[in-house]
Amino acid sequence: MSAYMHDTSDQSDKIEAFAPSHQAQNQIVTPIVDGQHRAQQEASVPYWPTPEISGPSIHQVKHRGPSDEQHPGDTKSTPHGRQRIGGYALLAVKRVGVMAVFIAVLAALVIPIHRLIELKTFDFSTMKFDWKTNPRDHLVPVDPEYRDFNVLLDGHSHTTVSDGRLMPEQLVEYSLAQGFNAIIVTDHNTVAGGLRAEAYAKSKYPGRFIVIPGMEYSNCRIHMNFINLNTTVTMGNKEFPSDDNIRQAIAKVHELGGLVIVNHIPWSNHSLDRIQAPRLVNHPSVQSLVDWGVDGFEIANQATFDLPTYQYM
């Protein structure tokens, strides 16, 4: 296109008059050329979708000088690449979190059900102990001076009279099968289980098996075995006994001719599950218990050895 103006007053007007014509031509021709070029490329190269890749695209690559620290293809070289890395990391964290929640829920459901099935469906009263164990085949005295021994004693056991799984008579049979020839039966806060086991052993295994009756003084502060008793000690036995209550109970046991053994201090002071609190609150110290007149401490309970108390004594 051309535009002519008849004005001789100023030469610059003529330049301005012709300038739009030149720009208009460029605006029209350039898109046409670009479109034709793009159409030729699309016609000669088949197109199919390709997966996205990190790093700059073809149109984003530009000349980089020697001072550039980033390189083409580096995922961190573009905001889009950094955004993709963050997205992948977030996705991985979410998947790990979902898996952890799934495992926790599964454990929370399976463990209680397993325990319920194990305890409720099995009838312990039908158990029979028809084997014999010779403890000399697998036990060696700690002191080498003791080349032989004739007593194997279980000093802490329970029956169905409190929270045990075996009846008093079964406990005697089980202990015999395991090679014991003496046990101390200390059901929680009662001597009934011990007296029943003692009567059974005397009648069925006279002179062969000894049962020493007792009770476990159990409350929210301390557990202690009261040994060699024929009557339940109730003095000083409260849910939350004071120091004076504990001293009264110890004195009563001594008055009856019994012994007082402090039980499983590591278990008593260990934190409860899911909360940072001891099982037994305000448990008396070892030194306090010694001052109050206890006769000893249980240093081995199940798989736990109370080394600090052993070293103290």
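Residues numbered from 1 in each chain as written. Predicted model: local features only at pLDDT ≥ 70, side-chain atom pairs only at ≥ 80, totals over all residues. Heavy atoms only, no water.

Caption draft 1: Representation of the confidence of the model for the protein chain. In this model, the protein chain carries an average pLDDT of 81, and 72% of its residues clear a pLDDT of 70 or more. Segment residues 21–25 is flagged for pLDDT under 50; beyond a separation of four residues in sequence, or across chains, it makes three contacts in the model. (pLDDT = per-residue confidence, 0-100. Contact = heavy atoms within 4.5 Å.)

Caption draft 2: A look at the sheet that holds strand β4 (residues 223–227). What the six strands build is an open sheet, ordered β1-β2-β3-β4-β5-β6; its pairing is mixed. Whereas interior strands pair on both sides, the edge strands pair on one side only; in this sheet they are β1 (153–157) and β6 (296–297). Helix-sheet contacts for helix α4 (residues 192–204) involve β2 (182–188) and β3 (210–218), and the interaxial angle to β3 is about 175°. (Pairing = 2+ DSSP bridges. Helix = DSSP H or I, 4+ residues; strand = E, 2+ residues; numbered from the N terminus. Axes fitted to C-alpha atoms, helices over the stretch in contact; angles between N-to-C directions.)

Caption draft 3: A look at the environment of Y312. With respect to the element layout, Y312 can be found in helix α8 (residues 307–312). In the structure, Y312 is positioned 25 residues away from Q287 in sequence and 9.1 Å away in space, judged by C-alpha atoms. When near neighbours in sequence (up to four residues on either side) are disregarded, Y312 contacts V286 and Q287.

Caption draft 4: Up close: the environment of M313. Tracing the backbone shows M313 in the segment after α8. Note on M313: relative accessible area 57%, which makes it exposed. For the pair M313 and V286, spaced 27 residues apart in sequence, the C-alpha separation works out to 9.0 Å. (Buried < 20%, exposed > 50% of the residue type's maximum accessible area, 1.4 Å probe, protein only.)

Caption draft 5: Main features of the packing of aromatic side chains. As enumerated under the stated definition, the model contains four aromatic pairs in all. Residues F129 and W131 carry aromatic rings whose centres are separated by 5.8 Å and whose planes lie at 80° to one another, so their mutual orientation is edge-to-face. The class of F129 is buried, set by a relative accessible area of 12%. The partly exposed category is assigned to W131, whose relative accessible area is 35%. On the basis of an interplanar angle of 70° and a centroid distance of 5.4 Å, the ring pair of F129 and Y174 is categorised as edge-to-face. (Phe/Tyr/Trp six-rings, centres within 6.5 Å; stacked < 30°, edge-to-face > 60°.)

Caption draft 6: Representation of a nonpolar patch on the surface in the model. A contiguous nonpolar surface patch, about 860 Å² in accessible area, is contributed by M99, V101, F102, I103, V105, L106, L109, V110 and I113. Relative to the elements of secondary structure, F102 occurs in helix α2 (residues 79–121). Look at F102 and you get exposed, because its relative accessible area is 52%. (Patch = residues over 30% accessible without salt bridge, like charges linked within 9 Å, V, L, I, M, F, W, Y side chains within 5 Å. Areas by Shrake-Rupley, 256 points an atom, 1.4 Å probe, with all protein chains shown as cover. Salt bridge = Lys/Arg side-chain N within 4 Å of Asp/Glu carboxyl O.)

Caption draft 7: Just helix α3 (residues 168–177), in detail. When you tally the buried positions in α3, you get eight out of 10 residues, the bulk of the element. Packing partners of the buried residues in α3 comprise β1, β2, α4 and β3. The first or second residue beyond α3 is G179, which carries a positive phi of 95°.

Caption draft 8: The nonpolar core, seen in detail. Ranked by internal contacts, the top residues of the largest apolar core, which has 20 residues, are M224, F226, V262 and V294. Of all the elements in the fold, those that place two or more residues in this core are β3, β4, α5 (243–255), β5 (259–262) and α7 (286–292). For this core, the leading source of residues is α5, giving four residues. The contacts of M224, once residues within four sequence positions are left out, are M215, E216, Y217, I246, I250, V260, I261, V262, N263 and V294. Membership of the second largest hydrophobic core comes to 11 residues, among which are V172, A197, Y200 and V211. (Core = buried A, V, L, I, M, F, W, Y, C linked by side-chain atoms within 4.5 Å.)

Caption draft 9: Main features of α4. Across its 13 residues, α4 extends 19 Å between first and last C-alpha, which sits within 8% of the 18 Å expected from 1.5 Å per residue. The complete set of buried residues in α4 reads G193, G194, A197, E198, Y200 and A201. End-on view of α4: buried residues confined to an arc of 165°, all on one side of the axis. Relative to its buried face, α4 has exposed residues pointing more than 90 degrees away, namely K202 and S203. On its buried face, α4 is in contact with α3, β2 and β3. (Expected span 1.5 Å × (residues − 1). Arc of directions from axis to C-beta.)

Caption draft 10: Broad picture of the pattern of salt bridges. One pass over the full model with this rule turns up six salt bridges. Ionic pairing is found between E173 and K204, a salt bridge with its closest N-O pair at 3.1 Å. Taken as a pair, E173 in helix α3 and K204 in helix α4 lie far apart in primary sequence, 31 residues in all. We classify E173 as buried; its relative accessible area is 15%. Taking the shortest distance from any N to any O, the salt bridge between R221 and D243 comes out at 2.7 Å. You can see R221 sitting in the loop between β3 and β4 and its partner D243 sitting in helix α5, a full 22 residues away along the chain. According to the relative accessible area criterion, D243 is partly exposed, its value standing at 33%.

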